[in-house]
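# Structure assessment
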Amino acid sequence: MKLTDPKLLAALADLGVKRVENASLAERTSLGIGDTTDLLLIYNHDSLPALVQLLHERNIAYRFLGGGTNLLVRDGDLPWICIQLPRREKDIEIIGNTVWVDCAADLGRTVTTCAKQNLGGMEGLIGVPGTVGGALRMNAGAYGTQIGSHVREIKIFRGSTGQLATLKGDQISFEYRHTSFAPDDIMLAVKLELPSKPFSEILTGIRICNEKRRSSQPINQKSAGCIFKNPPGASAGRMIDELGLKGMHVGDARVSERHANFFVNAGNATAADMLALIDQVRERVQQNYGVHLEEEVIVWK
Ligand code: EPU
């Protein structure tokens, strides 16, 4: 979608919004799938209510784009523009055991920045691609760590009211790959409380997690991480593997040979290829295990 109305463009400029024309979502998502659309970069969080109101008044459909690492974008023309909160300078502030971090900050950089200040507890999240905001939305977790357990406060944009709000950590429930945020809540900044630990100990934890990930996940291929959530008490990856589905493909969308719950774009996969593969694998698991696998990846249809 392309914005053309000169009055709207002037109003956006007044709000300090930077417009990137024909921004490729294939280049902005880890799966490498998606057409182009106008992308609005908003550096000042306080302008968000006015921006959203402006778009509502003009009936312009929009979606918020985060790090794009857990996202499958539909094929073809995109009937909406995207809004993104870009990375800002000085996006991590550490005072004692408290860390305020912009949700646009890279999760891995946040983990290592805290580690250098002898703050641990997030070692397991090293190597989880994407932003702090994306990790919060899904309560990202790995190797026994989940980000939600460290949250004390969070600033959000509430889509339902069109206003900014601050929530205490205990006002949000963080469960396995699920949170109580509304779908149209946008995470802006979060206050984490992290335990003190010697740097060398944190580094050892980080190295172990990195090594586990390297040996069990296709980290150098285009993917959106795990495609399905694990059903209670079971592992989606193990079931798909046991059915012999590694290497199964639809076009260039392929079940990874390394980890069966990762579907990779091995070349020029389309969203239709990926969705067909998801359906076929889900069907096989349903038939053989009687288990319905739910997508973990977010799909923009
Ligand atoms: N397994 C297989 N074959 C496979 C993959 C896994 O037999 O192809 C077996 C493993 O040997 C292991 C079990 O299944 O016994 C579980 O595998 P793994 O330890 O890799 O964990 P997972 O449950 O598949 C979860 C998260 C990952 C996270 C890892 C490490 C989900 C859906 N996935 O994977 O998160 O990195 O644990 O903690 O919860 C993601 O969220 O995108 C993601 C990749």
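All figures in this text were calculated on a predicted structure; none of them were measured in a lab. (Residues numbered from 1 in each chain as written. Predicted model: local features only at pLDDT ≥ 70, side-chain atom pairs only at ≥ 80, totals over all residues. Heavy atoms only, no water.)

### Observations regarding the packing of aromatic side chains
- A full pass over the atoms with the stated rule returns four aromatic pairs.
- For the ring pair Trp80 and Trp300, a centre distance of 5.2 Å and an interplane angle of 75 degrees mean the geometry is edge-to-face. Taken together, the positions of Trp80 in the loop between strand E4 (71-73) and strand E5 (81-84) and Trp300 in strand E19 (residues 298-300) put the pair 220 residues apart, joining distant regions of the chain. You'll find Trp80 and Trp300 in the same group, each marked buried.
- Above the face of the Trp100 ring, Lys155 is positioned so that its terminal group lies 4.8 Å from the ring centre. (Phe/Tyr/Trp six-rings, centres within 6.5 Å; stacked < 30°, edge-to-face > 60°. Helix = DSSP H or I, 4+ residues; strand = E, 2+ residues; numbered from the N terminus. Buried < 20%, exposed > 50% of the residue type's maximum accessible area, 1.4 Å probe, protein only. Lys NZ or Arg CZ within 6 Å of the ring centre and 35° of its normal.)

### Considering the sheet that holds strand E1 (residues 17-24)
- Pairing is mixed across the open sheet formed by four strands, whose spatial order is E1-E2-E5-E3. Single-partner strands in this sheet number two, and they are E1 and strand E3 (62-64). Across the sheet, the axes of successive neighbouring strands diverge by a mean angle of 30 degrees, strand direction being ignored.
- Packed onto the sheet, helix H3 (residues 48-57) meets E1, strand E2 (36-42), E3 and E5 and runs at close to 150 degrees relative to E3. (Pairing = 2+ DSSP bridges. Axes fitted to C-alpha atoms, helices over the stretch in contact; angles between N-to-C directions. Contact = heavy atoms within 4.5 Å.)

### What about the site of the ligand?
- Around the ligand lies a shell of 20 residues, among which Tyr176, Asn230, Arg238, Asp241 and Glu296 are the nearest.
- The contact in question runs from an oxygen atom of the ligand to an N or O atom on the side chain of Arg177, over 2.8 Å.
- Taking Asp241, its side chain carries an N or O atom lying 2.7 Å from a nitrogen atom of the ligand.
- Computed on the free molecule, the ligand has an accessible area of 820 Å², of which 72% lies beneath the protein chains in the complex.
- Among the elements of the structure, strand E15 (222-226) and helix H7 (236-242) are those that each provide at least two residues to the shell around the ligand.
- For the shell around the ligand, the leading source of residues is H7, giving three residues.
- A per-class count over the shell around the ligand returns seven nonpolar, seven polar and six charged.
- When residues of the shell around the ligand are sorted by domain, at least three fall in each of domain 2 (92-200) and domain 3 (221-300). (Near = heavy atom within 4 Å. Polar contact = N/O pair within 3.5 Å; in protein donor to acceptor, adjacent residues only side chain to side chain. Areas by Shrake-Rupley, 256 points an atom, 1.4 Å probe, with all protein chains shown as cover. Nonpolar A, V, L, I, M, F, W, Y, C, P; charged D, E, K, R; others polar. Domains from an automatic or database assignment.)

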